[in-house]
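Descriptive structure summary
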Amino acid sequence: MEKRIGTITVLLSDRAAAAQVNEVISAHSGIVLARQGLPFHDRPVAVISLIVEGEVDEINSLSGQLGKIQDVTAKAVLTKFIIQNS
């Protein structure tokens, strides 16, 4: 199967959504290589940046599930080159 490396940027406009976001990310932990969170205590937003490696459908599934959560926006950007599984 073909894999790609990419990023998913997740914006939370309400921190009450954090538990759902963490649950979805944990369910897809097999494709998450790295995660960085920035809570912005003095602003009404939190940012999570994910580095992912997986099949396009897997990455889109994660991004789509995150984007369906109320008060959450998620966008994925994938590399053009393909990583071949051995």
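Attention in this report is confined to the structure presented alongside it. Note that the coordinates shown come from a computational prediction; the quantities given were computed from them, not determined experimentally.

Another aspect to go through is helix α1 (residues 18-27). Listing the buried residues of α1 in full gives Val-21, Val-24 and Ile-25. Down the axis, α1 shows its buried residues gathered within 100° of arc, on one side only. Structural note: α1 exposes Ala-19, Glu-23, Ser-26 and Ala-27 on the side pointing more than 90 degrees away from its buried face. On its buried face, α1 is in contact with β1 (2-12), β2 (32-38), β3 (46-54), α2 (56-67) and β4 (72-78).

With that settled, the discussion passes to the side chain of His-28. Along the chain, the position of His-28 falls in the loop between α1 and β2. The buried category is assigned to His-28, whose relative accessible area is 15%. Within polar-contact distance, the side chain of His-28 engages the backbone oxygen of Val-24 at 3.0 Å. Among all residues touching His-28, those that are not within four sequence positions of it are Glu-58, Ser-61, Leu-62 and Gln-65.

With that out of the way, let us pick up the environment of Leu-50. Structurally, the position occupied by Leu-50 is in strand β3. In sequence terms Leu-50 and Arg-35 are 15 residues apart; their C-alpha atoms lie 4.6 Å from each other.

Glancing now at the nonpolar core. Ile-8, Val-10, Leu-12, Val-21, Leu-50, Leu-62 and Leu-66 are the most contacted members of the largest nonpolar core, which has 18 residues in total. Those elements giving two or more residues to this core turn out to be β1, α1, β3, α2 and β4. Considering every element that reaches this core, the biggest residue donor is β3, with 4 residues. For Val-21, the residues in contact, after removing those within four places along its chain, are Val-10, Leu-12, Ile-48, Leu-66, Ile-69 and Val-72.

Residue pairs three or four apart in sequence face the same way in an α-helix, which turns once every 3.6 residues. Taking 1.5 Å per residue as the helical rise, α2 with its 12 residues ought to reach 16 Å, and the 16 Å between its terminal C-alpha atoms agrees with that figure. Those residues of α2 lying buried are Ile-59, Leu-62, Ser-63 and Leu-66. One side of α2 carries all its buried residues, which in axial view fall inside an arc of 90°. On the buried face of α2, the contacting elements are β1, α1, β2, β3 and β4.

Turning our eyes to something else, we now look at the packing of α1 against α2. Closest axis-to-axis distance for the α1/α2 pair is 10 Å, and the angle between their directions is 165°. It follows that α1 is roughly antiparallel to α2 by the angle criterion. Crossing of α1 against α2: the hand is right-handed. The residues of α2 that touch α1, namely those facing Val-21, Val-24 and Ile-25, are Leu-62, Gln-65 and Leu-66. Residues belonging to the contact of α1 with α2 are distributed by class as follows: 5 nonpolar, 1 polar and no charged.

Conventions used here
- Residues numbered from 1 in each chain as written.
- Predicted model: local features only at pLDDT ≥ 70, side-chain atom pairs only at ≥ 80, totals over all residues.
- Heavy atoms only, no water.
- Buried < 20%, exposed > 50% of the residue type's maximum accessible area, 1.4 Å probe, protein only.
- Helix = DSSP H or I, 4+ residues; strand = E, 2+ residues; numbered from the N terminus.
- Arc of directions from axis to C-beta.
- Contact = heavy atoms within 4.5 Å.
- Polar contact = N/O pair within 3.5 Å; in protein donor to acceptor, adjacent residues only side chain to side chain.
- Core = buried A, V, L, I, M, F, W, Y, C linked by side-chain atoms within 4.5 Å.
- Expected span 1.5 Å × (residues − 1).
- Axes fitted to C-alpha atoms, helices over the stretch in contact; angles between N-to-C directions.
- Parallel < 35°, antiparallel > 145°, perpendicular 65-115°, else oblique.
- Left-handed = near helix turned anticlockwise from the far one by under 90°.
- Nonpolar A, V, L, I, M, F, W, Y, C, P; charged D, E, K, R; others polar.

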